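Examination of the molecular architecture
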Protein chains: 2
Amino acid sequence: MALLRVQNFTVSRDGVAAGHNQSFERPFGDGCDPRELMSWAGATASWPNRTEPGGTRGLDDYFARDFTNNIGAEIMGRNKFGYQRGPWTDEQWQGWWGDEPPFHTPVFVLTHHVRPSFTLSDTTFHFLDATPAEAAEQAKAAAGGKDVRIGGGVTTVREFLDADLIDAMHIAVAPITIGQGLRLWDDPDDLADRFHIEKIPSPSGIVHHLLWRT
Amino acid sequence: MALLRVQNFTVSRDGVAAGHNQSFERPFGDGCDPRELMSWAGATASWPNRTEPGGTRGLDDYFARDFTNNIGAEIMGRNKFGYQRGPWTDEQWQGWWGDEPPFHTPVFVLTHHVRPSFTLSDTTFHFLDATPAEAAEQAKAAAGGKDVRIGGGVTTVREFLDADLIDAMHIAVAPITIGQGLRLWDDPDDLADRFHIEKIPSPSGIVHHLLWRT
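Along each chain, residue indices are assigned from 1 in the same order as the chain's sequence is written. Labels follow written order: the first chain is A, the first ligand is 1, and so on. Given that this is a predicted model, residues contribute local features only at a pLDDT of at least 70 and side-chain atom pairs are listed and counted only at 80 or more, while totals for whole chains, interfaces and linings are drawn from all residues.

1. Here we look at the pairing of strand E7 (residues 147-152) of chain A
Note on strand geometry: in a regular strand, side chains alternate between the two faces of the sheet. Residues and elements named next belong to chain A. Operational definition: Between the buried cut of 20 or more and the exposed cut of 12 or fewer other C-beta atoms within 10 Å of a residue's own C-beta lies the partly exposed class, and all C-beta atoms are placed from the backbone. Working definition: helices are DSSP H or I runs of at least four residues, strands are E runs of at least two. Numbering for both runs from the N terminus. Any two strands with at least two DSSP bridges between them are considered paired.
Counting buried residues along E7, 6 of its 6 residues qualify, which places the element largely inside the surrounding structure. Inspection of the sheet shows strand E1 (residues 4-12) paired to E7 by 2 bridges, in the parallel sense. The partner of Leu 4 across the bridge, within E7, is Val 148. In the sheet, strand E3 (residues 71-77) pairs with E7 via 5 bridges, with the strands oriented parallel. Paired with Met 76 across the two strands is Gly 152, which belongs to E7.

2. Section: the sheet that holds strand E10 (residues 195-201) of chain B
Residue and element names in this part refer to chain B. Rule in force here: The axes are straight lines fitted to the C-alpha atoms, using for helices just the contacting stretch, and the angles between their N-to-C directions are given from 0 to 180°. By the convention adopted here, residues make contact when the C-beta atoms placed from their backbones lie within 7 Å.
In spatial order, the strands read E5-E6-E4-E3-E7-E1-E8-E11-E10; together these 9 strands make up an open sheet with mixed pairing. Both edges of this open sheet fall to strand E5 (118-120) and E10, since each of them pairs with a single strand only. Shown here is a sheet whose adjacent strand axes are inclined to one another by a mean of 20°, direction ignored. Strands in contact with helix H6 (residues 154-162) are strand E1 (4-12), strand E3 (71-77), strand E4 (106-110) and strand E7 (147-152); relative to E7, the strand with the most contacts, it is inclined by about 130°.

3. Structural notes on the interface of chain A and chain B
Taken together, the contact pairs 16 residues of chain A with 16 residues of chain B. Counting only elements with at least two residues in the side of chain A that touches chain B, the list comes to helix H3 (59-65), strand E10 (195-201) and strand E11 (207-213) of chain A.

4. So, the confidence of the model for chain A
Applicable threshold: pLDDT gives the predictor's per-residue confidence on a scale running from 0 to 100.
In the predicted model, chain A carries a mean pLDDT of 95, and the fraction of residues at 70 or more is 100%. Overall fold confidence for the complex sits at a pTM of 0.93, while the interface term, ipTM, reaches 0.89.

Spelled out as structure tokens, the structure:
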């Protein structure tokens, strides 16, 4: 059965996944350094952006390498795709990831301002003005029987949670406190009515939270 | 870089992976019940032999589903393939797994008594009279750039460890004591001179041991 999954999504100990005031210079917004938040993944052998050999092959690596495992499509919010708001003033913008995006599948970008699809390497970006349920249906059809990753940002994950569309989540909780920002949760146990929850501490200091439907 | 990996190999708390006196009736030998040893994997959603929907999607499931992830070939010892010893008296024997073996790749069976290759579904069994290094070379060539799984039994894993050919291991340590039998190790820390070791307790009672080359 194909699932809607969140994978390798990282929040601070206080549940913050991004700061306010996203910009080109600060893709994760004020007070939120993606290198700090994602350092656990960057240390692993399977980190997709790794350019040098090496890296750890312990617990964190199992999660890092599951990023692409059995994934056939991704859904992301417009603010994961880019920093512009409102009508596109610059359709030259093709995301943050250069010529080789790490997705390798169709990607559906949720936005009220659609624009033509385009392809970079083996990733094709489509733009959808749709509800979470409609987007889930389209992405599942494109995924060829594989799972669909809900890629973020945090607002998009919350929308899919609120619509009760998510089957399983891997949330990495980093040992930092951010304070201000966009919050995934106040407390993961708020989801215990709908999800089984396992909390697995890693030697790196990350606590991997695994949630799946009851 | 393609690796030689051990994946989901399960031993008791005292390091035993199989009993003595393997037979058709007791594939894991005396005193060693595979259902007990492997129950952690059987409970997961991704267990390849699962016939009904359901199953857990927590930590144990991450390991269960990594069984096939990026694996292009398996090497196994003859005693994993079957219970006969010496020259083949029954070449009708095609392994324990029926018409749909869970490997889905070429499998190289190490034996001093070679016999013709055969195919069941998308698994082809080859029989090799070879050293671990020679078998590793052949399996890597067949794996098309993917990793090679050292599938066991325990004697085969030990031979590849002794030849220093293994890059990474996932060993699940089950919360049972067996006593007599074929042992993977007296103590996993005996391998600390060659491997990083992480020990990750799962809510199921299993302790996942992750080892990778220093």
